[in-house]
Amino acid sequence: MRHWVLGSISAAIIAASWGCGSGERGGKAESGGGGHAAGGGGTGSQAAACTIAAAGLKVSSGRGVTPSIAWTGAGFAIAWQERAADEGDILLATVDAEGNKLREEVIDDGPGVSSHPSVHRDGQGLLVLWQDQDGAGSVVRGRRATLQGVAEGAAFDLARSGAAESWPTAAASQDGTLIAWMDAGGSRLGHLDSGALSSSMPLDHAQFPAVASDGERTALVWSQGDALGFARPGQESAPLDPIAHQGVDAKVPRVVLGGDDAFLVWEDTRSGAEQIRGLRISAQDEVSPEAIVSRGEDSANWPALAWTGHGLAVAYYQFRDGPPGVFVTLLSRDLEPMGDEIEASGGATARYPALAWTGQELGIAYTEQDQGIRLSRARCP
């Protein structure tokens, strides 16, 4: 891989509970790594770039966690892991553009533990992915639904993974649907064809792969040791030409395409506590300096991305000397803040944000503690 070197790293461990691991308010973060402060709002001397149109709209009232959201063209589709019955069912809801709930559908309610859902628009329908526990490993599964949220056909197995957490995700483009997931010894990138994988390739030693598409182009990011890997997958037979951004301690990287640029955002713990950091990669593979997106010194986690056509929206949750809340900041193409941030969760204890852009608004799905899945809407320039 081609390399850019930006500094040293420190070790970190991710956990996904309400009070420990990457979610715990931890050590003091330094600026580190050559990054410049991008997000976090600042002193409040400027107006927020995005404004809340509606906050905390109820999607579910159960024990839902880790939502995923997609814009259908007329409303939002939201998938989540429901833990009320057996710690792991996958549900799907559709809401209209105003946030009014229209339908809820059980996608998978088998006896096993299903988790890590993601929902994607795929042609004229929806594709829901998730993982099922399977001994020491997991199974990547999927199911189709209409844009109205009506499940179509039975759930199907896509891949068997040697990793206990495979974290499947997908992106659809004119070249087909890409699926990425973790496996023993690394990750895999596959192409979906009519409910089955037509091909897949290994990503040795890669962790937390994520894919994105703007309908024409695709992008792939993953973490690998002290580096972020990035590639632009093409036709399924074409080899990858990855580049590496070194000197990070990255978990949960995310990628989105904005015009000719790709934006990478991730959790980084090289400074002691989790920070949300980001960078831009141009069409010519020029890499920008890192920007520190999260504000202050408290633990910030679980980034989500959307390109609005004018800026990069980044959501994450952060503790800020108390229970966690979900925050959203809007950055320019140069990763400079465009106005103050917003608190999308309205002061409630909240985690695990997901973003979808409608063309005029952001849909922000998140988990509110003991209250299930919530949706906020924000208008952005």
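Below or above, wherever it landed, is the structure these notes cover. (Residues numbered from 1 in each chain as written. Predicted model: local features only at pLDDT ≥ 70, side-chain atom pairs only at ≥ 80, totals over all residues. Heavy atoms only, no water.)

**Regarding the overall build of the protein chain**
Just so we agree on the cut-off: Helix and strand definitions here come from DSSP, where helices need a minimum of 4 consecutive H or I residues and strands a minimum of 2 consecutive E residues; each element is numbered from the N-terminal end. Whether a residue is buried, partly exposed or exposed follows from its accessible area with a 1.4 Å probe, protein chains only, as a fraction of its type maximum: under 20%, in between, or over 50%, in that order. For the accessible areas, the method is Shrake-Rupley and the probe is 1.4 Å, while residue cover comes only from the protein chains on display.
Across its full length, the protein chain carries zero helices and 30 strands. For the protein chain, the residues scored as buried account for 58% of the 381 residues in total. For the protein chain, the exposed area adds up to about 14,400 Å²; of that, 47% sits on carbon and sulfur atoms.

**Some thoughts on the state of the cysteines**
Quick note on the threshold: Note that a disulfide, as used here, is simply two cysteine sulfur atoms within 2.5 Å.
Scanning the model with the defined rule gives one disulfide in all. There is a disulfide in this structure between Cys-50 and Cys-380, and the S-S distance comes to 2.1 Å. One disulfide, between Cys-50 and Cys-380, carries an S-S torsion of 115 degrees and so falls in the right-handed class. Taken together, the residues span a long stretch of sequence, with Cys-50 in the loop between strand 2 (36-37) and strand 3 (51-58) and Cys-380 in the segment after strand 30 (372-379) at a distance of 330 residues.

**Considerations on the pattern of salt bridges**
Let me state the cut-off plainly: Salt bridges are identified by distance alone: a Lys or Arg side-chain nitrogen within 4 Å of an Asp or Glu carboxyl oxygen.
A full pass over the atoms with the stated rule returns 23 salt bridges. A salt bridge links Arg-277 to Glu-290; the shortest N-O distance between them is 2.9 Å. Here the residue Arg-277 occupies a position in strand 22 (residues 275-281), and Glu-290 occupies one in the loop between strand 22 and strand 23 (291-292), the gap between them amounting to 13 residues. Assigned by exposure class, Arg-277 and Glu-290 land together as buried. Residue Arg-379 pairs with Glu-361 through a salt bridge whose shortest N-O separation is 3.2 Å. Within this pair, whereas Arg-379 is found in strand 30, its partner Glu-361 is found in strand 29 (residues 361-368), the two being separated by 18 residues in sequence.

**Some details on the nonpolar core**
To keep it simple, the criterion reads: As used here, the term nonpolar core means buried Ala, Val, Leu, Ile, Met, Phe, Trp, Tyr and Cys residues forming a set that is joined through side-chain atoms within 4.5 Å. Only heavy atoms enter the contact rule, under which two residues are in contact if any of them lie within 4.5 Å.
Of all hydrophobic cores here, the largest spans 27 residues; its most connected members are Cys-50, Val-326, Val-328, Leu-355, Leu-362 and Ile-364. Broken down by secondary-structure element, the contributors of at least two residues to this core are strand 24 (300-307), strand 25 (312-318), strand 26 (325-331), strand 28 (350-357) and strand 29. In terms of residue count, strand 28 provides more of this core than any other element does, four residues in total. Aside from chain neighbours lying at most four places away, what touches Ile-364 is Val-326, Val-328, Ala-344, Ala-354, Leu-355, Arg-374, Leu-375, Ser-376 and Ala-378.

**Structural notes on the packing of aromatic side chains**
To keep it simple, the criterion reads: Only the six-membered ring of Trp is used, alongside the rings of Phe and Tyr, when aromatic pairs are assigned; centres must lie within 6.5 Å, and planes under 30 degrees apart are stacked while those over 60 apart are edge-to-face, with the rest tilted. Each ring is checked for a lysine NZ or an arginine CZ that lies within 6 Å of its centre and within 35 degrees of its normal; such an atom marks a charge sitting over the ring.
Applying the stated criterion to the full structure yields eight aromatic pairs. An angle of 65 degrees between the planes, with centres 6.4 Å apart, marks the rings of Tyr-317 and Phe-319 as edge-to-face. Tyr-317 gets classed as buried once you look at its relative accessible area, which sits at 1%. Phe-319 gets classed as buried once you look at its relative accessible area, which sits at 8%. Within the aromatic cluster, the residues linked to one another by ring pairs are Trp-167, Phe-208, Trp-302, Tyr-317, Phe-319 and Tyr-352. Its end group placed over the ring of Phe-327, Arg-320 keeps NZ or CZ at 3.7 Å from the ring centre.

**Topic: the environment of Ala-154**
Among the secondary structure elements, Ala-154 is positioned in strand 11 (residues 151-161). Assessed through its relative accessible area of 58%, Ala-154 is described here as exposed. Along the backbone, Ala-154 and Asp-108 are 46 residues apart, and their C-alpha atoms lie at a distance of 9.3 Å.

**Observations regarding the sheet that holds strand 22**
For clarity, the cut-off: For two strands to be treated as a pair, DSSP must find no fewer than two bridges joining them.
Pairing is mixed in the open sheet, where five strands are placed in the order 2-23-22-21-20. Of all the strands in the sheet, just strand 2 and strand 20 (250-258) have a single pairing partner and so form its edges. Of the strand pairs in this sheet, strand 22 and strand 23 are connected by two bridges, and their pairing is antiparallel. Each bridged residue has a counterpart across the sheet, and for Gly-278 the counterpart in strand 23 is Ala-291.

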